[in-house]
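Listed here are the chains, written in short residue letters.
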Amino acid sequence: MLDTYTRDAQERENAGMPPLSLTADQTAELTHLLEGNPANGAELLALLKDRVAPGVTDSAQIKAAWLKLIALGEATANAVAPTKAIEMLGQMGGGYNVQVLVELLDEEELADSAAEALTSLVMIYESFDKVADLAKGGNAAAQSVLESWAKAEWFTNSPELPETLTLTIYKVDGEANTDDFSPASEA
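The following refers to the structure shown. Fair warning: this is a prediction, and the values are worked out from it, not measured in the lab. (Residues numbered from 1 in each chain as written. Predicted model: local features only at pLDDT ≥ 70, side-chain atom pairs only at ≥ 80, totals over all residues. Heavy atoms only, no water.)

**Topic: the overall build of the protein**
- For the protein, the helix and strand inventory stands at ten helices and zero strands.
- Taken from the N to the C terminus, the helices and strands of the protein come in the order α-α-α-α-α-α-α-α-α-α.
- Along the three orthogonal principal directions, the C-alpha set of the protein runs to about 55 × 50 × 30 Å.
- Of all 187 residues assigned to the protein, the portion counted as buried reaches 33%.
- Expressed as a percentage of contacts within the protein between residues at least 6 apart in sequence, the contacts between residues at least 24 apart total 59%.
- Split by element, the accessible area of the protein, about 11900 Å² in all, is 51% carbon and sulfur.
- Side chains of the protein carry 11 positive and 31 negative charges; the gap between the two charge centres is 2 Å. (Helix = DSSP H or I, 4+ residues; strand = E, 2+ residues; numbered from the N terminus. Buried < 20%, exposed > 50% of the residue type's maximum accessible area, 1.4 Å probe, protein only. Contact = heavy atoms within 4.5 Å. Areas by Shrake-Rupley, 256 points an atom, 1.4 Å probe, with all protein chains shown as cover. Lys, Arg positive; Asp, Glu negative; His and termini not counted. Charge placed at Lys NZ, Arg CZ, Asp CG, Glu CD.)

Set out below in structure tokens:
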């Protein structure tokens, strides 16, 4: 899997295109490779971090489930400590990672790390109610997440915008939507 992906990525780079995201099967294979504690663990970890599409893709679901196992100590990989797994969950933007992070708020030793990861997420949907219920039940980590969200720290802690931005603007005649630039079936 790794040789094939690396070869394909190089071909795309030679053609001036970025590598494709990992498929669900490739992501599953990657997690198994990481559990074997290979010498190239850092390279594999970079693929898991940077080449799995975020959100609600099949690959993201596999990644989030595996990182949960690592965080809970139910799986191990030398390249990924439990705290690193939680950090990576926090970098997935939103989707399958949110439910995992909310569940980790109930794990005493992991709650603070999970709370920190959740504070930077805004695409949480119905998970807000779960965090609020945990906070009402006395979960201090959940309460800290709510307070952070109320202060909009996800925004105020973001890097400052540069003074100048260079953009490309496309003018499309007629009705246009994002499908004109990134068809959902191909995104």
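**Topic: a negative patch on the surface**
- Side chains of Glu74, Asp106, Glu107, Glu108 and Glu109 sit close together on the surface and give a patch of like negative charge.
- Tracing the backbone through its elements, the reader meets Glu108 in the loop between α6 (96–104) and α7 (111–119). (Patch = residues over 30% accessible without salt bridge, like charges linked within 9 Å, V, L, I, M, F, W, Y side chains within 5 Å. Salt bridge = Lys/Arg side-chain N within 4 Å of Asp/Glu carboxyl O.)

**A closer look at helix α8 (residues 127–136)**
- Every buried residue of α8 is listed here: Ser127, Val131, Ala132, Leu134 and Ala135. All buried residues of α8 project into a common sector of 160 degrees when viewed along the axis, lining one side. Those residues of α8 that are exposed and angled more than 90 degrees off the buried face are Asp133 and Lys136.
- Looking at the buried side of α8, the elements it contacts are α6 and α9 (140–150). (Arc of directions from axis to C-beta.)

**Concerning unusual backbone geometry**
- The backbone of Tyr125 shows a phi angle near 50 degrees, a positive value even though the residue is not glycine.
- Residue placement: Tyr125 occurs in the loop between α7 and α8.
- Located in the positive-phi region is Ala152, a residue other than glycine, with phi close to 55 degrees.
- Checked against the element boundaries, Ala152 lands in the loop between α9 and α10 (153–156).
- Note on Ala152: relative accessible area 23%, which makes it partly exposed.

**Structural notes on the nonpolar core**
- Of all hydrophobic cores here, the largest spans 48 residues; its most connected members are Leu48, Leu67, Leu105 and Leu118.
- When residues in this core are grouped by element, the largest group, six residues, is from helix α4 (residues 58–72).
- Apart from the residues lying within four places of it in its own chain, the contact partners of Leu118 are Val98, Leu101, Val102, Leu105, Val145 and Trp149. (Core = buried A, V, L, I, M, F, W, Y, C linked by side-chain atoms within 4.5 Å.)

**Observations concerning the environment of Asp129**
- On the secondary structure map, Asp129 appears in helix α8.
- We classify Asp129 as partly exposed; its relative accessible area is 48%.

**Overview of the packing of α4 against α6**
- Relative orientation of the contacting elements α4 and α6 amounts to 20 degrees, with a least axis distance of 8 Å. Classified by the angle their axes make, α4 and α6 are roughly parallel. The interaxial crossing formed by α4 with α6 has right-handed handedness. In this structure, α4 uses Ala60, Gln61, Ala64, Lys68, Ala71 and Leu72 to contact α6, whose residues at the interface are Tyr96, Asn97, Val100, Glu103 and Leu104.
- Partitioned by chemical class, the residues of the contact of α4 with α6 number seven nonpolar, two polar and two charged. (Axes fitted to C-alpha atoms, helices over the stretch in contact; angles between N-to-C directions. Parallel < 35°, antiparallel > 145°, perpendicular 65-115°, else oblique. Left-handed = near helix turned anticlockwise from the far one by under 90°. Nonpolar A, V, L, I, M, F, W, Y, C, P; charged D, E, K, R; others polar.)

**Points about the environment of Ala65**
- Looking at the secondary structure, you find Ala65 in helix α4.
- Along the sequence, Ala65 and Gln99 sit 34 residues apart, while their C-alpha atoms lie 10.0 Å from each other.

Bear in mind that shape data such as this cannot, by itself, settle questions of function.
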